[in-house]
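As a plain string of letters, each chain reads:
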Amino acid sequence: MKWDWNAVGDFMPAFWHGLLVTLQVLALGSLVSFTLGLVWTLLVRTPLRWVRWPVGVVTEFVRNTPLLVQLFFLFYVLPEWGLTFSALATGVFAVGLHYSTYTMQVYRAGIEAVPAGQWEAATALNLPRRRTWTAVILPQAIRRVVPALGNYVIAMLKDTPILMLITVPEMLQRARLFSQQHFQFTEPITVIGVAFVLISYLASLLLRALERRLVR
Amino acid sequence: MSVETHPQPSLSDAQPGELIRLANITKRFGANTVLDDLSFTVAPGKHVTLIGPSGSGKTTILRLLMTLTRPDEGTITVDGDQLFPAPEKQIREVRKKIGMVFQQFNLFPNMSVLRNITEAPVQVLGMSGDEAEERARELLDLVGLADKCDAKPTRLSGGQQQRVAIARALAMRPRVLLLDEVTSALDPELVAGVLDLLRDIARSTDITMLCVTHEMGFARDISDQVLMFDGGRVIESGSPEKIFTDPEQDRTREFLSAVL
């Protein structure tokens, strides 16, 4: 086995496109998982049993089934019911939904870590319930859980290659196509491996900076 | 507030010269009865101090009045309107008349000092931002922290945080102020400042105060009436002169000799 720098050069155009798609999935998937996760957390805490119960069942179900199964379900089964989305949109939603069931737990821990005295002070000031959540509890809870949320972003990054199985042209898919055309495997796979390490590392640096700003 | 909508004719319960009435209050935590068929009234503008050994139910009284916990039995009336039992909407309305200062301050750490004070007047009383801010600055001036408007609460000393908490409670213009061991979490050298501030407020306003404290000197200074608690009951009540110098109950004498 020998290393061919020319193959690296040839792979680069496809690599940049793949990188862009991977980052897009990561950014949008994170956004979906952060938002949905928060929605789940709040719904599970409503006093309405007919809301709490179904949300609890669905999220538990999603958390305990493999991402790949969910991905195939959304990509192959939904179209049979007349619901067709692009591979990228389906991938983003699948990843976002799957991870929302984890971020939900993170938010919950953050909310429970806010001291009871904060709720009591809000009651003593007669703040409405909604205002207590948005102005007092959530700002404190979210600040606490940024590091944990960040860890899920990195985990999500490492799950993005799964999307190649529904034809999303992310980095691994590009490397595979390149390998099949040029019969050169070592170079493209190595390149994307290094790219994953670099993205994770940069993301963790970003996180640490964010943490330092928030934890004051 | 509309009394008509409430099933019980709560206004008829009001006696002249009576702001707070607790009637036959029982509160249990599991098998432990913290308050046992307790009744008392507080006249408007009076300063009442609740003393007694820990676990005797003093703090529970304040928490019941602030609706942080609900009694198992009995009724609570504030200014002629029933606070418990009552529908949630009525509780919110009656609760506006009550403010509380906590042992652990409980300031909102994600807000500046100023916003801690303006938040509720704007959100609950519907005050304009400018008006709330102006009043907050006056209150901060009163508690001697005019220069700390923009600070985060965590940057302040315990004594300063407690002053902000007092200002925050006063900003809601409560008729009743509940003080729950407000100096217990403070370093000894910071206690006097907070107590002096409360003495000033007691002297210069007509706010009714219910105060749980272990500072007997302070209790003696500001109180019109002292209630001695033991085992979930008021075992003795009277003027501070009477309670502190010539109590009738042995249990009171015993308690006071232990803490004085």
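Everything numeric here is computed off the predicted structure, so don't read it as measured data.

Novice: Please explain the overall build of chain A as it appears in this structure.
Specialist: Regarding its fold elements, chain A presents eight helices and zero strands. Helices (α) and strands (β) of chain A occur, in sequence order from the N terminus, as α-α-α-α-α-α-α-α. C-alpha atoms of chain A, sized along the principal axes, occupy 70 × 45 × 20 Å. Residues classed as buried in chain A amount to 30% of the 216 residues present. Pairs at least 24 apart in sequence give 79% of the contacts found in chain A among residues at least 6 apart.

Novice: How should the overall build of chain B be read in this particular structure?
Specialist: Across its full length, chain B holds nine helices and ten strands. Computed over the C-alpha atoms, the radius of gyration of chain B is 19 Å, within 12% of the 18 Å expected from 2.2 N^0.38 for a compact globule of 260 residues. Seen along its three principal axes, the alpha-carbon backbone of chain B occupies a region of about 50 × 50 × 35 Å. Within chain B, buried positions represent 42% of all 260 residues. A fraction of 64% describes how many contacts in chain B between residues 6 or more apart in sequence connect residues 24 or more apart.

Novice: So what exactly am I meant to see when it comes to the confidence of the model for chain A here?
Specialist: Any segment with low pLDDT has predicted coordinates that should not be analysed in fine detail. For chain A, per-residue confidence averages 94 on the pLDDT scale, and 99% of positions sit at 70 or higher. Within chain A, helix α8 (residues 186–214) of chain A has the poorest average pLDDT of any element, 91, and helix α5 (residues 116–124) of chain A the best, 98.

Novice: I'm lost on the interface of chain B and chain A in this one. Help?
Specialist: Interface size is commonly expressed as the accessible area that is lost once the parts come together. Taken together, the 19 residues of chain B in the interface contact 15 residues of chain A. Ranked by residue count, the leading element in the side of chain B that touches chain A is helix α3 (residues 113–123) of chain B, at three residues. For the side of chain B that touches chain A, a count of residues per class yields nine nonpolar, six polar and four charged.

Novice: Before we go on, may I ask you to explain the sheet that holds strand β5 (residues 81–84) of chain B in this structure?
Specialist: Paired through their backbone hydrogen bonds, the strands of a sheet run either parallel or antiparallel. Residue and element names in this part refer to chain B. The sheet built from four strands is open, its strands ordered β2-β1-β4-β5 with antiparallel pairing. If you trace the sheet from one side to the other, it starts and ends with β2 (32–42) and β5, each paired once. Here the strands of the sheet are splayed against their neighbours by 30 degrees on average, with no regard to which way each runs. Where strand β1 (residues 20–29) and β2 come together, seven bridges link them in antiparallel fashion. Bridge assignment links isoleucine 20 to a residue of β2, and that residue is valine 42. The strands touched by helix α1 (residues 58–65) are β1, β2 and β4 (73–78); relative to β1, the strand with the most contacts, the crossing angle is about 115 degrees.

Novice: Sorry, what's going on with the pairing of strand β3 (residues 47–51) of chain B here?
Specialist: Residues and elements named next belong to chain B. Judged by how many residues are buried, β3 sits mostly within the fold: five of five residues are covered. Of the two faces of β3, both are covered, the one formed by His47, Thr49 and Ile51 as well as the one formed by Val48 and Leu50. Sheet topology note: the β3/strand β8 (residues 208–212) ladder contains four bridges and is parallel. The partner of leucine 50 across the bridge, within β8, is valine 212. In the sheet, β3 pairs with strand β9 (residues 225–230) via four bridges, with the strands oriented parallel. Paired with leucine 50 across the two strands is leucine 227, which belongs to β9.

Conventions and cut-offs
Residues numbered from 1 in each chain as written. Chains lettered and ligands numbered in written order. Predicted model: local features only at pLDDT ≥ 70, side-chain atom pairs only at ≥ 80, totals over all residues. Helix = DSSP H or I, 4+ residues; strand = E, 2+ residues; numbered from the N terminus. Buried ≥ 20, exposed ≤ 12 C-beta atoms within 10 Å, placed from the backbone. Contact = placed C-beta atoms within 7 Å. Rg over C-alpha atoms; globule rule 2.2 N^0.38 Å. pLDDT = per-residue confidence, 0-100. Nonpolar A, V, L, I, M, F, W, Y, C, P; charged D, E, K, R; others polar. Pairing = 2+ DSSP bridges. Axes fitted to C-alpha atoms, helices over the stretch in contact; angles between N-to-C directions.

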